Amino acid sequence: MGTDWQQWHEHYDDPDSDLVRRLGTVRDEVRRLLAERQGAPIRVTSICAGDGRDLLPILASSEGDVDAVLLEIDADLAERARAAAAASGLGRVRVHTADAGLSSTLADLPPADVFLACGVFGNIADADLETTIGALPAFVVPGGAVIWTRGASVGDGELSAYAGDPADLVREVFARHGFTEERLVRPADAGFRVGVHRFTGGASHAALPERLFSFAR
């Protein structure tokens with residue numbers, strides 16, 4: 001039986017949880033990247049976006065020229081995101097109930113200046129991690145930034161065979177595919193990692209696989 005993602009979101013109700021700390025870190029990075037644009041138009045894509053809490057509150061307080069697309073396969077979570085965007089007056093936010101693991105879901109979207117892959121890499125196998133990051137050059141602009149998260153260890157129920165901090169595997173894969181690390185938040189007292197990588201490589205002309213990843217738990 002797969003993870004109940006609506007129940008998983010209830011962990012945000014604990015203000016002392018690592019998840020809440022991770023959320024704050026991701027929001028800080030979104031805020032920083034938007035501020036760097038100094039009001040210039042910006043496109044944001046968020047995959048496996050849940051109810052949008054990583055992104056929507058920052059967009060609601062931003063005065064930037066932002067268009068955003070959130071992708072979430074769970075219909076109830078996607079509807080929560082739509083309601084939150086509407087309540088905040090975010091008319092340029094679109095929420096699609098769709099499987100972000102299919103390359104066709106992303107292929108019709110304009111390349112993003114900021115791409116969020118939060119809560120993804122710890123739920124997929126190492127081979128899918130390689131495939132997904134390898135495809136990201138097709139979905140971000142040159143110089144575009146990817147914000148990602150990963151748990152701090154590989155334990156029971158984890159999918160990675162990597163020995164050590166699995167965030168280091170993520171970093172290695174990004175480096176192999178034309179990305180330069182801009183930031184890594186690695187708290188000594190918490191079980192999460194948040195990274196930002198910039199796409200500094202050249203255009204890829206390789207055909208995209210039909211499926212990038214599947215959640216395996």
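Our subject is the structure that appears above.
Here we summarise the structure given alongside this text. This is a predicted model, so every value here is computed, not measured.

With that out of the way, let us pick up the packing of aromatic side chains. Here the structure, examined in full by the defined rule, presents six aromatic pairs. Clustering of aromatic rings is evident, with ring pairs tying together F121, W148, F174, F179 and F199.

With that settled, the discussion passes to the pattern of salt bridges. Scanning all chains against the criterion turns up 20 salt bridges. We note a salt bridge from R21 to D189, for which the minimum N-O separation is 3.2 Å. Of this pair, R21 sits in helix α2 (residues 18–36) while D189 sits in the loop between β6 (179–185) and β7 (192–199), and the two are 168 residues apart along the sequence. Residue classification places R21 among the partly exposed residues on the basis of a relative accessible area of 35%. Here D28 makes a salt bridge to R31, at a shortest N to O gap of 2.9 Å. Residue D28 and its partner R31 are both found in helix α2; the two are separated by three residues, about one turn of the helix.

This brings us to the pairing of strand β3 (residues 93–97). Relative to β3, strand β2 (residues 66–72) runs parallel, the two sharing five bridges. The residue of β3 that forms the bridge with A68 is V93. Between β2 and its parallel partner β3, the chain crosses via helix α4 (residues 75–87), and the hand of that crossover is right-handed.

Right, let's talk about the environment of F121 for a bit. Considering the arrangement of structural elements, one finds F121 in the loop between β4 (112–117) and α6 (126–135). For F121, a relative accessible area of 2% puts it in the buried group. Through-space distance from the C-alpha of F121 to that of F215 is 9.1 Å; in sequence the pair is 94 residues apart. The residues contacting F121, other than those within four sequence positions of it, are L129, T132, I133, W148, T149, R150, V170 and F174.

Rules used in this analysis
- Residues numbered from 1 in each chain as written.
- Predicted model: local features only at pLDDT ≥ 70, side-chain atom pairs only at ≥ 80, totals over all residues.
- Heavy atoms only, no water.
- Phe/Tyr/Trp six-rings, centres within 6.5 Å; stacked < 30°, edge-to-face > 60°.
- Salt bridge = Lys/Arg side-chain N within 4 Å of Asp/Glu carboxyl O.
- Helix = DSSP H or I, 4+ residues; strand = E, 2+ residues; numbered from the N terminus.
- Buried < 20%, exposed > 50% of the residue type's maximum accessible area, 1.4 Å probe, protein only.
- Pairing = 2+ DSSP bridges.
- Right-handed = clockwise from strand over helix to strand, strands pointing away.
- Contact = heavy atoms within 4.5 Å.

No statement about biological role is implied by the geometric values presented.
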